[in-house]
Amino acid sequence: ALALEPDASSAAVVLAAACLSGGEVRVPGLGRESLQGDVRVVEHLAAFGCDARHETDALSARGFPTRAAELDLTGEPDLAPILAVVAAAAARAGGGTSRLSGLGTLPGKESDRLGGLAALLAALGYEAVAGADVLTIGPGTRKELPVVLDPRADHRMVFACALLGLLQPGIRCRSAGAVAKSWSSFWGDLERLGARVQGA
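A.B. asks: Looking at this structure, how should I read helix H5 (residues 155-167)?
C.D. replies: An α-helical turn contains 3.6 residues, so any two residues separated by three or four positions project in the same direction. Look at H5: 19 Å from first C-alpha to last across 13 residues, which is about the 18 Å you get at 1.5 Å a residue. Counting buried positions over the 13 residues of H5 gives 10, a clear majority of the element. Listed as buried for H5 are His155, Arg156, Met157, Val158, Phe159, Ala160, Cys161, Ala162, Leu163 and Leu164. Here the buried face of H5 lies against helix H1 (8-21), helix H3 (80-95), helix H4 (113-123), strand E8 (147-149), strand E9 (171-173) and helix H6 (186-192).

Structure below.
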């Protein structure tokens, strides 16, 4: 029989959502020995002050991000949309400015995720500056809501919009159906986990 691990990229979204919303999540079937680089999300969440860890055969996370972090995401750049939101949450909680590096591949993804992330965060008033392969995120000044965010029809950018919505009610997301590329039931699953999701 062939045993397949859960998708670590999708698990990372749920683990971050738990931290941002005051919940707790445990994802079985993904351990420290996984070949998927995105399991390192728990190490990155811990760098922001979350209680996130590798268990024997699971990943778990809880606890709001409270401090800034400097992360090298060269090995797992697809985590950048998720961790940029975690950095934003930490910044607004008084944690300071974070720096995500190793992001040189992001402009060539389904959208320019590096510039797109800076634009999403700036639309909400965060200080977000994109360089050639770096994104810095500081607290900035809150913008008046509601705000409509444009994820550029990119599924991972839609995940970032959803996580931002956990931080601030009144956020709407264009092309929300783009999640179908990797997680067709995402919005329903998010609701089942306790989030309040409103349609257009």
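A.B. asks: Sorry, what's going on with the packing of aromatic side chains here?
C.D. replies: Within a pair of aromatic rings, the relevant descriptors are the distance that separates the centres and the angle that separates the planes. The full count for this structure, using the stated rule, is 4 aromatic pairs. Cluster of aromatic residues (ring-pair linked, three or more members): Phe159, Trp183, Phe186 and Trp187. Above the ring of tyrosine 126, the side-chain terminus of arginine 92 is found at 3.8 Å from the ring centroid.

A.B. asks: Can you walk me through the sheet that holds strand E2 (residues 51-54) in this structure?
C.D. replies: Strand-to-strand pairing in sheets goes through backbone hydrogen bonds, with the strands running parallel or antiparallel. The sheet built from 3 strands is open, its strands ordered E1-E3-E2 with antiparallel pairing. If you trace the sheet from one side to the other, it starts and ends with strand E1 (24-28) and E2, each paired once. Neighbour-to-neighbour, the strand axes of this sheet turn through a mean angle of 5°, independent of strand direction.

A.B. asks: Explain the pairing of E2 here, please?
C.D. replies: Going residue by residue along E2, you find Ala52 and His54 tucked away on one face and Asp51 and Arg53 left uncovered on the opposite face. Hairpin connection of E2 to strand E3 (residues 58-62): 3 residues between the antiparallel strands.

A.B. asks: Would you mind going over the sheet that holds strand E7 (residues 135-138) with me for this structure?
C.D. replies: One open sheet accounts for 4 strands, arranged E4-E5-E7-E6; its pairing is mixed. Each having just a single partner strand, strand E4 (70-72) and strand E6 (127-130) make up the two edges of the open sheet. Going across the sheet, the axis of each strand differs from the next one's by a mean of 10°, ignoring polarity. Relative to strand E5 (residues 98-101), E4 runs parallel, the two sharing 3 bridges. Its bridge partner being in E5, aspartate 72 is matched across the sheet by serine 101. Seen against the sheet, H3 touches E4, E5 and E7 and runs at an angle of roughly 30° to E7. On top of the sheet, H4 reaches E6 and E7; it is set at about 165° to E6, its chief contact.

Cut-offs applied
Residues numbered from 1 in each chain as written. Predicted model: local features only at pLDDT ≥ 70, side-chain atom pairs only at ≥ 80, totals over all residues. Heavy atoms only, no water. Helix = DSSP H or I, 4+ residues; strand = E, 2+ residues; numbered from the N terminus. Expected span 1.5 Å × (residues − 1). Buried < 20%, exposed > 50% of the residue type's maximum accessible area, 1.4 Å probe, protein only. Contact = heavy atoms within 4.5 Å. Phe/Tyr/Trp six-rings, centres within 6.5 Å; stacked < 30°, edge-to-face > 60°. Lys NZ or Arg CZ within 6 Å of the ring centre and 35° of its normal. Pairing = 2+ DSSP bridges. Axes fitted to C-alpha atoms, helices over the stretch in contact; angles between N-to-C directions.

Distances and angles like these do not, on their own, reveal function.
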